Amino acid sequence: MAEAVVPLLHRACPESAGGYGGSYQVNLADEEAVGLGGGELIRAAMRRAARELGWKVITIGGIGTRFGTMIAIQDTREVPEEYRAAIDAAMHERMSAAAARVWDEPGEGLVQRGSVALMTQEFRAAVDAATT
């Protein structure tokens, strides 16, 4: 599972940020998470994948949250000055997109790069491809 997650974590880093500033979150039904080996196994696989990319990480989440199983990982390394502008621009873009969703008309939102919905879909596909 960890090998399947490495490219997902790499893509989660902002463009032009030298591999810094990535974060990744998956939200699964509890039954689906158990079928994949459980929340702790998923969390361990994400941590192993992050170490392969040189990330210093913090992970949160677990099984049985209000919304099912939620596992998130974030790169907490100090960002070199040369990548700071790219990280700040990516954060601004994410925050602007979140604000736009809040103020937008009710209904089905678009699935966009970096969204939890897209990350979860990518995760499912990558793990499925790795196990079949």
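In what follows, the structure referred to is the one given above.
Residues numbered from 1 in each chain as written. Predicted model: local features only at pLDDT ≥ 70, side-chain atom pairs only at ≥ 80, totals over all residues. Heavy atoms only, no water.

Colleague: Is there a simple way to think about the nonpolar core in this case?
Modeller: When a protein is soluble and globular, its nonpolar side chains tend to lie buried together. Counting residues in each nonpolar core, the largest one holds 23 residues, and the members touching the most others are Leu 9, Tyr 24, Ile 42, Met 46, Trp 55, Ile 73 and Phe 123. Of all elements in the fold, only helix 1 (2-11), strand 1 (23-28), helix 3 (39-52), strand 3 (68-75) and helix 5 (116-131) reach the threshold of two or more residues within this core. With 5 residues, helix 1 is the largest single contributor of residues to this core. Apart from residues no more than four positions distant in its own chain, Phe 123 is found in contact with Met 1, Val 5, Leu 8, Tyr 24, Val 26, Leu 28, Leu 36 and Ile 42. Ranked by size, the runner-up nonpolar core spans 5 residues in total, among them Ala 17, Val 79, Ala 86 and Ile 87. (Core = buried A, V, L, I, M, F, W, Y, C linked by side-chain atoms within 4.5 Å. Buried < 20%, exposed > 50% of the residue type's maximum accessible area, 1.4 Å probe, protein only. Helix = DSSP H or I, 4+ residues; strand = E, 2+ residues; numbered from the N terminus. Contact = heavy atoms within 4.5 Å.)

Colleague: I keep staring at the packing of aromatic side chains and nothing clicks. Help me out?
Modeller: Here a ring pair, both rings aromatic, is described through the centre-centre distance and the interplanar angle of the planes. If you walk through the whole model with that rule in mind, you get 1 aromatic pair. For Arg 77, the ring lying beneath its charged end belongs to Tyr 20, and the centroid distance is 4.1 Å. (Phe/Tyr/Trp six-rings, centres within 6.5 Å; stacked < 30°, edge-to-face > 60°. Lys NZ or Arg CZ within 6 Å of the ring centre and 35° of its normal.)

Colleague: Sorry if this is basic, but what is going on with the pattern of salt bridges here?
Modeller: Two side chains carrying opposite charge are able to pair once their charged atoms lie near each other. Considering all chains together, one arrives at 5 salt bridges under this definition. Close ionic contact of Arg 11 with Glu 122 constitutes a salt bridge, the shortest N to O distance being 3.5 Å. With Arg 11 in helix 1 and Glu 122 in helix 5, this pair connects stretches of sequence that are 111 residues apart. (Salt bridge = Lys/Arg side-chain N within 4 Å of Asp/Glu carboxyl O.)

Colleague: Honestly, unusual backbone geometry in this entry has me stumped. Any pointers?
Modeller: Comment: phi is negative for the bulk of residues other than glycine, and the bulk of peptide bonds are trans. The backbone phi angle of Ser 16 is positive, close to 60°, even though this residue is not glycine. With respect to the secondary-structure elements, Ser 16 resides in the loop between helix 1 and strand 1.

Colleague: Looking at this structure, I do not really get the environment of Arg 51. What am I missing?
Modeller: Inspection of the secondary structure puts Arg 51 in helix 3. Taking the C-alpha atoms as reference points, Arg 51 and Glu 122, 71 residues apart in sequence, are found 20 Å from one another.

Colleague: Mind showing me how you'd approach the packing of helix 1 against helix 3 here?
Modeller: Two quantities define a packed helix pair, namely the angle between the helix axes and the distance between the axes. Running from N to C, helix 1 and helix 3 point in directions that differ by 60°, and their axes come no closer than 8 Å. With respect to each other, helix 1 and helix 3 are oriented oblique. Our pair here, helix 1 against helix 3, has a crossing hand that is right-handed. Taken together, the residues of helix 3 that come into contact with helix 1 (itself represented by Ala 2, Glu 3, Val 5, Val 6 and Leu 9) are Ala 45, Met 46, Arg 48, Ala 49, Ala 50 and Glu 52. Residues belonging to the contact of helix 1 with helix 3 are distributed by class as follows: 8 nonpolar, no polar and 3 charged. (Axes fitted to C-alpha atoms, helices over the stretch in contact; angles between N-to-C directions. Parallel < 35°, antiparallel > 145°, perpendicular 65-115°, else oblique. Left-handed = near helix turned anticlockwise from the far one by under 90°. Nonpolar A, V, L, I, M, F, W, Y, C, P; charged D, E, K, R; others polar.)

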